[in-house]
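Structural overview for review
Residues per chain are reported as follows:
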Amino acid sequence: MALHCLVSAGGSPGVTTTALGLAMTWPSEVLLTECDPLGRRVLPGFMADKVRGPVGPGLLGLAMAAESGPHGRLPLEDYLVSIPGEGSVELLHGVRDPRHGVRLGALWGRLAEALTSRPGHVIADLGRIGGRDTPDALLRAAGTVVMVLKPTLTQVDVAGPRLDALRDLLGDRTAVGLCLITEGPYSAAEVERVLGTPVLAELPCSPADARVLSEGARPRRTFKTSLLLRSFKCLGRRIRATAGSLPTDIEDQGRDIPAAVGASVGGVR
Ligand SMILES: Nc1ncnc2c1ncn2[C@@H]1O[C@H](COP(=O)(O)OP(=O)(O)O)[C@@H](O)[C@H]1O
Ligand SMILES: [Mg+2]
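In this report, we go over the structure that sits alongside the text. (Residues numbered from 1 in each chain as written. Chains lettered and ligands numbered in written order. Predicted model: local features only at pLDDT ≥ 70, side-chain atom pairs only at ≥ 80, totals over all residues.)

**Here we look at the overall build of the protein**
- The number of helices and strands found in the protein is 9 helices and 8 strands.
- Relative to the 2.2 N^0.38 estimate, which gives 18 Å for 269 residues, the radius of gyration of the protein is 17 Å and therefore close to what a compact globule would have.
- Considered along the principal axes of its C-alpha atoms, the protein spans approximately 50 × 45 × 35 Å.
- Pairs at least 24 apart in sequence give 75% of the contacts found in the protein among residues at least 6 apart. (Helix = DSSP H or I, 4+ residues; strand = E, 2+ residues; numbered from the N terminus. Rg over C-alpha atoms; globule rule 2.2 N^0.38 Å. Contact = placed C-beta atoms within 7 Å.)

**Quick notes on the sheet that holds strand β2 (residues 30-34)**
- If you walk across this open sheet you meet the 8 strands as β3-β4-β2-β5-β1-β6-β7-β8, and the pairing is mixed. Strands at the two margins of the open sheet, each flanked by one partner only, are β3 (81-82) and β8 (199-203).
- Where strand β1 (residues 2-8) and strand β5 (residues 121-128) come together, 7 bridges link them in parallel fashion. For His4, the partnering residue across the bridge sits in β5 and is Ile123.
- With respect to the sheet, helix α8 (residues 227-242) is in contact with β1, β6 (144-149), β7 (175-181) and β8, its orientation differing from that of β8 by roughly 170 degrees. (Pairing = 2+ DSSP bridges. Axes fitted to C-alpha atoms, helices over the stretch in contact; angles between N-to-C directions.)

**Some points on the site of ligand 1**
- Lining the immediate surroundings of ligand 1 are 17 residues, of which Ser12, Gly14, Thr16, Thr17 and Ala210 lie closest.
- Here the shell around ligand 1 gets 4 residues from one element, more than from any other, and that element is helix α7 (residues 207-214). (Near = placed C-beta within 6 Å.)

**A look at the packing of helix α5 (residues 153-170) against helix α6 (residues 188-195)**
- In the contact formed by α5 and α6, the axes pass within 10 Å of each other and the chain directions differ by 40 degrees. On the basis of the axis angle, α5 is oblique to α6. Considering how the two elements wind past one another, α5 and α6 form a crossing that is right-handed. Where α5 abuts α6, its residues Val156, Ala159, Gly160 and Leu163 lie against Val191, Val194 and Leu195.
- A per-class count over the contact of α5 with α6 returns 6 nonpolar, 1 polar and no charged. (Parallel < 35°, antiparallel > 145°, perpendicular 65-115°, else oblique. Left-handed = near helix turned anticlockwise from the far one by under 90°. Nonpolar A, V, L, I, M, F, W, Y, C, P; charged D, E, K, R; others polar.)

**Quick word on the nonpolar core**
- One finds Cys5, Leu6, Ala23 and Leu138 to be the most contacted residues of the largest nonpolar core, which totals 77 residues.
- In this view, Leu6 contacts Val15, Thr18, Ala19, Ile123, Ala124, Asp125, Leu126, Val146 and Val148; residues no more than four positions away in its chain are not counted. (Core = buried A, V, L, I, M, F, W, Y, C linked by C-beta atoms within 7 Å. Buried ≥ 20, exposed ≤ 12 C-beta atoms within 10 Å, placed from the backbone.)

**Things to note about helix α1 (residues 15-24)**
- The buried fraction of α1 is high, at 10 of 10 residues.
- By the burial criterion, the buried members of α1 are Val15, Thr16, Thr17, Thr18, Ala19, Leu20, Gly21, Leu22, Ala23 and Met24.

**Here we look at unusual backbone geometry**
- Look at Ser12: it is not a glycine, yet its phi comes out positive at around 50 degrees.
- Considering the arrangement of structural elements, one finds Ser12 in the loop between β1 and α1.

**Digging into the pairing of β5**
- Counting buried residues along β5, 8 of its 8 residues qualify, which places the element largely inside the surrounding structure.
- Strand direction decides the pairing type here: β2 and β5, joined by 5 bridges, are parallel. If you follow Leu31 over to β5, its bridge partner there is Val122.

**Some details on helix α2 (residues 58-68)**
- Within α2, the full set of buried residues consists of Gly58, Leu59, Leu60, Leu62, Ala63 and Ala66.
- In this structure, the buried residues of α2 make contact with β2, β4 (89-92) and α3 (108-116).

**Describing the environment of Arg238**
- Relative to the helices and strands, Arg238 resides in helix α8.
- A tally of 28 C-beta atoms within 10 Å means that Arg238 is categorised as buried.
- Residues Arg238 and Ala114, 124 residues apart in the sequence, show an inter-C-alpha distance of 25 Å.

**Concerning the pairing of β4**
- Burial of β4 is two-sided: the residues Val89 and Leu91 facing one way and the residues Glu90 and Leu92 facing the other way are all buried.
- Pairing geometry for β2 and β4, over 4 bridges, is parallel. Opposite Val30, over in β4, you have Val89 as the bridge partner.
- Inspection of the sheet shows β3 paired to β4 by 2 bridges, in the antiparallel sense. Residue Ser82 lies in a different strand from β4, and its bridge partner there is Glu90.
- Hairpin remark: β3 followed by β4, antiparallel, with 6 residues in the connecting loop; positive phi at Gly85, about 80 degrees.

As structure tokens, then:
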């Protein structure tokens, strides 16, 4: 099992949208977990008019079960829902009320254990990192940590110290890479150089297609073949290659996805 954590340095660059897009374009079974202590997004957004049955209490329910249950294995599977229309994507939906974020602190260690001992891949949306509520246990358990950001001065400025903190926390054993949402004046090569962290992929700034995922907006006819969706696939391939499960050069052959500028998967730290 491989855990891939998606994070931001703040400023809402599009972590949740990217995590959902990644999950929906993942080529095999995948679990999307909303672990942002500030609140959930997928249920009231993408899934709003797609949910038919009960969705259960999600992450908060799991945290309560962990508080009251024996200190053994977490009943993780009981708290997952399938994303309708996306047969192989399961969701652990996050907390609705950020005041409940404090109840999650004790859960992260056991959740990390449960996620990494499960077969298949997990994409975890951790939201903004760097605060006291950051789920460090999930970051430590991850094979890959991807920071989503826009290549602007303010985003690069806030990303720097948070990437330093990540490296202090994780050392060399976890790959850390960037995913750029290309709305900003700087090139991937410049961001990579300034932050000393490889760019795994660049996503286009496509507000209309992004809203399909973030708000549940009606997709345009071209959504399924859009550059945004193809770029999510590219990011997924880079992540799997980074995590060591697939050789990039074989997987990338014959694909129509633009490779990330300056991407250097082999050199990912
Ligand atoms: N690639 C993108 N292009 C354009 N807009 C995007 C993209 N990704 C996300 N967005 C938009 O940015 C806003 C914030 O997205 P969200 O995923 O909730 O950010 P975060 O999780 O970082 O707070 C949403 O309106 C979403 O539609
Ligand atoms: Mg979010």
